[in-house]
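Residues per chain are reported as follows:
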Amino acid sequence: MFKSFRAIGPTTFLSPIPAVMLSCRGTEPGFDRNNLITIAWAGVINSDPPMISVSIRPERHSYSQIVQSGVFCLNLIGRDLCKATDYCGVKSGRDVDKFKEMSLHAREVEGFPAPALEEAPAFLCCRVKQQIPLGSHDIFLCAVEQVYVSDDLFDPDGSLHLDRADLIAYAHGEYHPIRPRPEGFFGYSVARPEVLERRLGKAPAKPRKTAPKGGKGR
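Here goes a summary of the coordinates provided. (Residues numbered from 1 in each chain as written. Predicted model: local features only at pLDDT ≥ 70, side-chain atom pairs only at ≥ 80, totals over all residues. Heavy atoms only, no water.)

**Notes on unusual backbone geometry**
Residues apart from glycine generally show negative phi values, whereas peptide bonds are mostly found in trans. Rules: A run of DSSP states H or I qualifies as a helix once it reaches four residues; a run of E qualifies as a strand once it reaches two. Both are numbered from the N-terminal end.
Here the residue pair S15 and P16 is connected by a cis peptide bond, since its omega of -10 degrees sits within 30 degrees of zero. Position of P16 among the secondary structure elements: in the segment before β1 (17–18). Following D48, the chain continues into P49 via a peptide bond in cis, with omega recorded as 5 degrees. Here P49 is to be found in the loop between β4 (42–46) and β5 (51–56). One non-glycine residue, S103, lies in positive phi territory at about 55 degrees. Relative to the elements of secondary structure, S103 occurs in the loop between α3 (98–101) and β7 (106–109).

Quick look at the structure:
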């Protein structure tokens, strides 16, 4: 029995997507204050060199700041920053100081001219390489110049545990926590049992044996 589907029209229904806050600072008077904006349309677009994209409406205050400076930091968001993430998506930096209103702190990054979010578990330093008007939004194609990750997410042996960041995602207008333990990892469908045990703490389920139709199994 096949499932039934209904058409809902051409929409931006892709889910889930990252919940991230972009921190930036313009270079011209009126735009040179540290600012935060919540970004819904962000993603990885290239591996080597590492590149990401963000899409922003031209009428946004942060849009002008990014056009002026050509740089920003993309901050990952944990559950403790969920309310601030929503606030920074509905308030404009033209009217309020979002860092101040949400009791957040801008972090200066050595050798990079854009602020980061001190409370973020990790952030990416990004430089705009290309800007393309699409319609409602312009897309910025950006090189990732450096990534900083909180020491709290590392073990003494240097292994990274991103689950400790307690990240959230965005789906159909709602913020959702990411499960603390993964269901799998890249390549787990073909991994050896000892690798699955080490990475997931469980062995793969054994396939059920069924007798051939028309007779007993051999």
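**Let's talk about the sheet that holds β1**
Here is the rule: For two strands to be treated as a pair, DSSP must find no fewer than two bridges joining them.
Reading across from one edge, β1-β11-β12 is the order of the 3 strands in this open sheet, with antiparallel pairing throughout. Of all the strands in the sheet, the pair left with one neighbour each is β1 and β12 (174–177).

**Some thoughts on the environment of R94**
Stated formally: The contact criterion used throughout is that any non-hydrogen atoms of two residues lie within 4.5 Å.
Its place among the elements puts R94 in the loop between α2 (82–90) and α3. Not counting chain neighbours up to four residues away, the residues in contact with R94 comprise R33, E59, R60 and H61.

**Let's talk about the pattern of salt bridges**
Definition in use: One side-chain nitrogen of Lys or Arg within 4 Å of one carboxyl oxygen of Asp or Glu is enough to make a salt bridge. Relative accessibility under 20% of the residue-type maximum defines a buried residue, over 50% an exposed one, and the middle range a partly exposed one, all with a 1.4 Å probe and only protein chains included.
Across all of its chains, the model carries 5 salt bridges by this definition. Close ionic contact of E118 with R107 constitutes a salt bridge, the shortest N to O distance being 3.0 Å. Taken as a pair, E118 in the loop between β8 (112–117) and β9 (122–133) and R107 in strand β7 lie far apart in primary sequence, 11 residues in all. The exposure class of E118 is partly exposed, given its relative accessible area of 39%. Taking the relative accessible area as the measure of exposure, R107 reaches 38% and is therefore partly exposed. For R127, the salt bridge goes to E145, with nearest N and O atoms at 2.5 Å. Of this pair, R127 sits in strand β9 while E145 sits in strand β10 (residues 138–149), placing them 18 residues apart in sequence.

**Looking at the environment of L196**
Among the secondary structure elements, L196 is positioned in helix α4 (residues 193–200). Residue L196 is classed as buried on the basis of its relative accessible area, which comes to 6%.

**Considering the packing of aromatic side chains**
Worth spelling out the cut-off: Between rings of Phe, Tyr and Trp, where Trp is taken as its six-membered ring, a pair exists when centres lie within 6.5 Å; planes separated by under 30 degrees are stacked, by over 60 edge-to-face, and by other angles tilted.
For the coordinates displayed, the defined rule picks out 4 aromatic pairs. Note on F123 and Y148: the rings are 5.1 Å apart at their centroids and 25 degrees apart in plane angle, and the pair reads as stacked. Remark: Y148 occurs in strand β10 and F123 occurs in strand β9; sequence separation between them is 25 residues. Considering the side-chain rings of F185 and Y188, the 6.1 Å spacing of their centres and the 55 degrees angle between planes classify their relative orientation as tilted. Since its relative accessible area comes to 15%, F185 is described here as buried.

**A closer look at the pairing of strand β3 (residues 35–39)**
Among the 5 residues of β3, 4 are classified as buried, and the element is accordingly described as predominantly covered. As paired strands, strand β2 (residues 20–24) and β3 are joined by 5 bridges and run antiparallel to one another. Bridge pairing in β3 places S23 opposite L36.

**Some points on α4**
Selection criterion: Working note: the arc is built from the helix axis to C-beta atom directions.
All of the buried residues along α4 are V195, L196 and L200. The arc that holds every buried residue of α4, seen down its axis, measures 100 degrees, which confines them to one face. Phi for G201, located one or two positions after α4, is positive at around 75 degrees.

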